[in-house]
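Chain and residue survey
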Amino acid sequence: MDFDYFVIGGGSAGVRTGRIAAGYGARVGIAEARFWGGTCVNVGCVPKKLLVQASEYGQFAEDSRGFGWRGSRPEHDWAALIAAKDREVKRLSGLYRQVLEAAGAKVFEARARFLDPHTLAVGEERITAERIVIATGGHPVVPPIPGRELAVVSDDVFHLPAMPRRVAIIGSGYIAVEFAGIFAGLGAETHLVYRQPIPLRGFDEDLREALAEALAADGIVLHPSTHPARIAATGDARTLHLDGGHAITADLVFFATGRVPNIAGLGLEAANVITGPNNEVIVDSAWATSQPHIYAIGDVTDRFQLTPVATAEGHALADALFGPRPREYNFTAVPTAVFSSPPVATVGLTEAEAAERGPAEIYLTRFTPMRHTLSGRKRRTVMKLVVEPPRGRVIGAHMLGEDAPEIMQGLAVAMTAGATKADFDRTIGIHPTSAEEFVTLRTLTRTVGLPQAAE
Ligand code: NDP
């Protein structure tokens, strides 16, 4: 065999697993045809967060008036932002390739395709490997409505030649609400079109409601319970026709309607690797596919679609196969954040999920954060703890408000360690912060999930 371990895909999952395995002395090969670092580095988390930060400066400029700053709001230069973002992405992407080579992996800038369960065509070469891992990620999907080719997806939006003045975004998941904040913050008339009554299905209801209020307060035009029907073009302008007969005219129509695994052209049938209805590669709890020597990690398994989960899977798999001992990760309480404006962050069960399992105590607070007592911006922070009686273990923590992602990372450690509400209560706060509210939530808001009283 040419390699002990061959990795298909140089994104977050693939680069981590290849680098760690090579570090243990395995003969590693890795193939990536498009961009090192994958979606996260090139057209996902990293450039997205830079754009979020760009949009925040506009809000800071507005909010600063309440703190005595005077003068007109500075103008934003979209081309300068994109050029600066591209430089950073190029630097990071290069680093991802470099760390692989430094660890001793052989890098292929090519597509890989299975010829049989141990053989791959990698560009013009034919290679064999003892073990193979599929880490090919995913790509955006668009509903099949007429005129969909006139719209863009997240891959395109990072390279728009000019900042659109009017934007219609379809969906209300992570990408939709994040880009609603980016475009609105940079001054675009922004419409959010979504089929649910409130955004972010799957998140805690109190946060979802508060996010809808905050988006509207920032001037985003919300179109809840609405489906896109078709898109038409008039010159450079786009008209998004909605199911109720209304239409939105915009410079950009942007679908943020989910992502599906990348398996096209992989030749999985030649390797007898079984996939599911969403094209996901089916794996067991140790990331093995239907072929015990072929593994799959990250978005191609369509489980979490979160970069830190993908890298953790890659690391854990390399440790299990080549390391001195297996690595333990907690994949049950995975923290996650949506970099909307304001951001949302969460770990563990929502109130509704907890209520389905049995009784849960809910501690909820809503308040105006200190900055906005002077800024004049209409913005409330929401925090919630979900507690499981009788031991009082904290099984859910949720926040909408500035710094929520930074705060939630710390709470996720506490929850992974099994912290109880009593542990939160005996923790000293840091004053004055929003975060201290998580350790001063004294009043029980409600108990949910109690058995119904007999009639
Ligand atoms: P999401 O699954 O988060 O959201 C998809 C949205 O599209 C939902 O609002 C969904 O509505 C809607 N939708 C799906 N199909 C249709 C349709 N046919 N017509 C109208 N609306 C539709 O996907 P995203 O594209 O936002 O992001 C993909 C994934 O990437 C996320 O799930 C997340 O895991 C990851 N991601 C993570 C980020 C982070 O960690 N901050 C940032 C960005 C992405 P409904 O709710 O009704 O199904």
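Quantities reported herein were computed from a predicted structural model and do not represent experimental measurements. (Residues numbered from 1 in each chain as written. Predicted model: local features only at pLDDT ≥ 70, side-chain atom pairs only at ≥ 80, totals over all residues. Heavy atoms only, no water.)

1. Thoughts on the site of the ligand
Surrounding the ligand, one finds 20 residues, the nearest of these being S172, R195, Q196, R201 and A337. Within the complex, the protein chains bury 79% of what would otherwise be the 910 Å² of accessible surface of the ligand. It is helix 6 (residues 174-185) that contributes the most residues to the shell around the ligand, three residues altogether. In terms of residue class, the shell around the ligand is made up of eight nonpolar, seven polar and five charged. (Near = heavy atom within 4 Å. Areas by Shrake-Rupley, 256 points an atom, 1.4 Å probe, with all protein chains shown as cover. Helix = DSSP H or I, 4+ residues; strand = E, 2+ residues; numbered from the N terminus. Nonpolar A, V, L, I, M, F, W, Y, C, P; charged D, E, K, R; others polar.)

2. Regarding the sheet that holds strand 13 (residues 247-250)
Taken in spatial order, the three strands line up as 11-12-13 in an open sheet, and their pairing is antiparallel. Whereas interior strands pair on both sides, the edge strands pair on one side only; in this sheet they are strand 11 (228-234) and strand 13. Strand-to-strand twist across the sheet, computed as the mean angle between neighbouring axes with direction ignored, equals 20°. Bridge analysis of strand 11 against strand 12 (residues 237-242) gives six bridges, and the strand direction is antiparallel. Note that in strand 12 the partner of R230 across the bridge is H241. (Pairing = 2+ DSSP bridges. Axes fitted to C-alpha atoms, helices over the stretch in contact; angles between N-to-C directions.)

3. Considering the nonpolar core
One finds I169 and F183 to be the most contacted residues of the largest nonpolar core, which totals 63 residues. Sequence-distant contacts of I169, defined by excluding residues within four places in its chain, comprise A176, F179, A180, F183, T190, H191, L192, V193, F254 and A256. Formed by 25 residues, the second largest nonpolar core is a distinct cluster that contains V15, L100, A105 and I297. (Core = buried A, V, L, I, M, F, W, Y, C linked by side-chain atoms within 4.5 Å. Buried < 20%, exposed > 50% of the residue type's maximum accessible area, 1.4 Å probe, protein only. Contact = heavy atoms within 4.5 Å.)

4. A look at unusual backbone geometry
The amide bond that connects S341 to the next residue, P342, takes the cis arrangement and shows omega of 0°. In this fold, P342 is placed in the loop between strand 17 (336-338) and strand 18 (344-348). You will see that L200, though not glycine, has its phi angle at about 60°, which is positive. Mapped onto the fold, L200 is located in the loop between strand 9 (189-193) and helix 7 (205-217). By relative accessible area, which is 2% here, L200 ends up buried. The backbone of Q305 shows a phi angle near 50°, a positive value even though the residue is not glycine. Tracing the backbone shows Q305 in the loop between strand 16 (294-296) and helix 8 (307-322).

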